[in-house]
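Below, each chain spelled out in residue letters.
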Amino acid sequence: MSEESDSLRTSPSVASLSENELLPPPPEPPGYVCSLTEDLVTKAREELQEKPEWRLRDVQALRDMVRKEYPNLSTSLDDAFLLRFLRARKFDYDRALQLLVNYHSCRRSWPEVFSNLRPSALKDVLSSGFLTVLPHTDPRGCHVLCIRPDRWIPSNYPITENIRAIYLTLEKLIQSEETQVNGIIILADYKGVSLSKASHFGPFIAKKVIGILQDGFPIRIKAVHVVNEPRIFKGIFAIIKPFLKEKIANRFFLHGSDLNSLHTNLPRNILPKEYGGTAGELDTATWNEVLLASEEDFVREFCQPVPACDSILGQAQLPEGLTSDAQCDDSMRAVKSQLYSCY
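As the structure is a prediction and not an experimental result, all values here were calculated from the model.

Colleague: Tell me about the nonpolar core, and please be specific about residues and values.
Modeller: Note on soluble globular proteins: their nonpolar side chains tend to be buried together. One finds Trp-110, Phe-114, Leu-131, Leu-145, Tyr-167, Phe-217 and Leu-244 to be the most contacted residues of the largest nonpolar core, which totals 76 residues. No other element matches the eight residues that helix 9 (residues 159-173) contributes to this core. Looking at which domains feed residues into this core, each of domain 1 (38-109) and domain 2 (115-298) supplies at least three. In contact with Trp-110, other than residues within four places in its own chain, are Thr-160, Ile-163, Ile-205, Lys-208, Val-209 and Ile-212. Among the nonpolar cores identified, the runner-up in size contains 14 residues, and Leu-134, Ala-223, Leu-262 and Tyr-275 belong to it.

Structural data, given as structure tokens:
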């Protein structure tokens, strides 16, 4: 018998191979590919101390710290995800790690906000026009998040639903590397906000929201512009200000009804006509569609069971304002008294 015949007889046939042996190995997850323009790479280097040649080394260093110090932390360790935290803390490893831990602590410490967090669960908020993202960025490349508390009717749903919608929007915005580098601007229109509505935003809620925005989410808030604020806003700001870091407090700008003042900071060509701009009517539908189209991403990220906070994070400290309810048991009567004094 020929050598070829012996080979055919001794070699396993295709039919005898197992199904797993026939299948090719699964592809490796895609590595990080930078989407920043050259100008943004330069900006990230100058403002965030991000060096492209060291970027993946820095990501690996943060990943190693998570695995060593928080081995049971249920978190993504993808390059792109970890980069958000490094950029938000100017590539300081320790501060980026703390921000990542805070991010998960916040999500697990406030179930009213973070449970079942997906766009389809917030259709009432989205349809009310409470918030949107303007279609044009400012000259620095910052997206503008527009919030209109007057569109909220408290009898329709609790204030926590508004907070959920804001958080969803921030999560969607921060997926963009451009936003990670440029940051965002908040435009808040307080026209028509009454005392009864303002009283829903007491110290307990204020501390939690500010704790997330300052220390529990990887986003750079470059400015907060408040327009059409009634006298009652002095009371609202009096509640907020003690919890603000000086850097953030200095980025609040109160314009009242003076749109010319607003236009010195935000050009008219990016603003809707409601705010003296030339960019047409304020459009809320487009951003709602963007969020609703991301339903599956949010279900995967926020609608899966996670271990209890204590078993995951050990002795990790919650950000200021995200301590237990007992520690935040402020008197609403005192809040209302403070608000009444502004009339």
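Text resumes after the structure shown.
Colleague: Quick one: what's the story with the pairing of strand 3 (residues 184-189), residue by residue and with numbers?
Modeller: Look at any regular strand and the pattern is simple: side chains alternate between the two faces of the sheet. For strand 3, a buried count of six out of six residues is recorded, marking the element as mostly surrounded by other parts of the structure. Side chains Ile-184, Ile-186 and Ala-188 project from strand 3 onto one buried face, and the interleaved Ile-185, Leu-187 and Asp-189 project onto a second face that is buried too. Pairing of strand 2 (residues 143-147) with strand 3, which is carried by five bridges, proceeds in the parallel orientation. Bridge pairing in strand 3 places Cys-146 opposite Leu-187.

Colleague: Give me the lowdown on helix 13 (residues 232-240), citing residues and values where you can.
Modeller: Since the α-helix advances by 3.6 residues per turn, residues separated by three or four positions end up pointing in the same direction. Of all nine residues in helix 13, seven are buried, a share of seventy percent or more. Regarding helix 13, the residues found buried are Ile-232, Phe-233, Gly-235, Ile-236, Phe-237, Ile-239 and Ile-240.

Colleague: Describe the packing of aromatic side chains, with residues and values.
Modeller: The tally for this structure, following the rule as stated, stands at 11 aromatic pairs. With 6.1 Å between their ring centres and 85° between their planes, Tyr-167 and Phe-302 make a pair best called edge-to-face. With Tyr-167 in helix 9 and Phe-302 in helix 17 (residues 295-302), the pair connects residues that are 135 residues apart, well separated along the chain. Among the aromatic side chains, those forming a connected cluster through ring pairs are Phe-81, Phe-85, Tyr-103, Phe-114, Tyr-167, Phe-217, Phe-298 and Phe-302.

Colleague: Tell me about the confidence of the model for the protein chain, and please be specific about residues and values.
Modeller: When pLDDT is low, close inspection of the predicted coordinates is not appropriate. Per-chain confidence: the protein chain averages 85 in pLDDT, with 80% of residues scoring 70 or above. In the predicted structure, residues 25-29 sits below a pLDDT of 50 and forms zero contacts with residues beyond four places in sequence or in another chain.

Colleague: Talk me through empty space enclosed by the protein; I want residue IDs and the actual numbers.
Modeller: Within this structure, the stated rule accounts for two cavities of 30 Å³ or more. The calculated volume of the largest cavity comes to roughly 710 Å³. Looking at the largest cavity, it is lined by 32 residues, and the ones nearest its centre are Ile-147, Ile-166, Tyr-190, Phe-201 and Val-209. Breaking the lining of the largest cavity down by element, the ones donating at least two residues are strand 2, helix 9, strand 3, helix 11 (195-198), helix 12 (203-215), strand 4 (221-227) and helix 13. No other element matches helix 9, which puts six residues into the lining of the largest cavity.

Colleague: Explain the sheet that holds strand 2 to me, and be specific about the residues and the numbers.
Modeller: The strand order 1-2-3-4-5 describes an open sheet built from five strands, whose pairing is mixed. Unpaired on one side and paired on the other, strand 1 (131-133) and strand 5 (252-256) mark the two borders of the sheet. Going across the sheet, the axis of each strand differs from the next one's by a mean of 20°, ignoring polarity. Pairing of strand 4 with strand 5 involves four bridges; the strand directions are parallel. In the strand pairing of strand 5, Val-227 is matched with Gly-256.

Colleague: Account for the pattern of salt bridges, naming residues and giving values.
Modeller: Taken as a whole, this structure holds 14 salt bridges when the rule is applied. Here Glu-50 and Arg-87 are joined by a salt bridge, their closest N and O atoms 2.8 Å apart. Within this pair, whereas Glu-50 is found in the loop between helix 3 (38-48) and helix 4 (55-69), its partner Arg-87 is found in helix 5 (residues 79-88), the two being separated by 37 residues in sequence. The pair formed by Glu-50 and Arg-87 is uniform in burial state, with each residue classed as buried.

Colleague: Would you mind going over the environment of His-104 in detail, with residue names and values included?
Modeller: Of note, His-104 is situated in helix 6 (residues 93-109). Residues His-104 and Gly-216 lie 112 residues apart in sequence; the distance between their C-alpha atoms is 7.9 Å.

What counts, and at which threshold
- Residues numbered from 1 in each chain as written.
- Predicted model: local features only at pLDDT ≥ 70, side-chain atom pairs only at ≥ 80, totals over all residues.
- Heavy atoms only, no water.
- Core = buried A, V, L, I, M, F, W, Y, C linked by side-chain atoms within 4.5 Å.
- Buried < 20%, exposed > 50% of the residue type's maximum accessible area, 1.4 Å probe, protein only.
- Helix = DSSP H or I, 4+ residues; strand = E, 2+ residues; numbered from the N terminus.
- Domains from an automatic or database assignment.
- Contact = heavy atoms within 4.5 Å.
- Pairing = 2+ DSSP bridges.
- Phe/Tyr/Trp six-rings, centres within 6.5 Å; stacked < 30°, edge-to-face > 60°.
- pLDDT = per-residue confidence, 0-100.
- 1 Å grid on protein atoms, 1.4 Å probe; cavity = no way out; pocket = protein on both sides within 12 Å on 5 of 7 lines; lining within 4 Å.
- Points joined across faces, edges and corners; volume = space filled by probe spheres on them.
- Axes fitted to C-alpha atoms, helices over the stretch in contact; angles between N-to-C directions.
- Salt bridge = Lys/Arg side-chain N within 4 Å of Asp/Glu carboxyl O.

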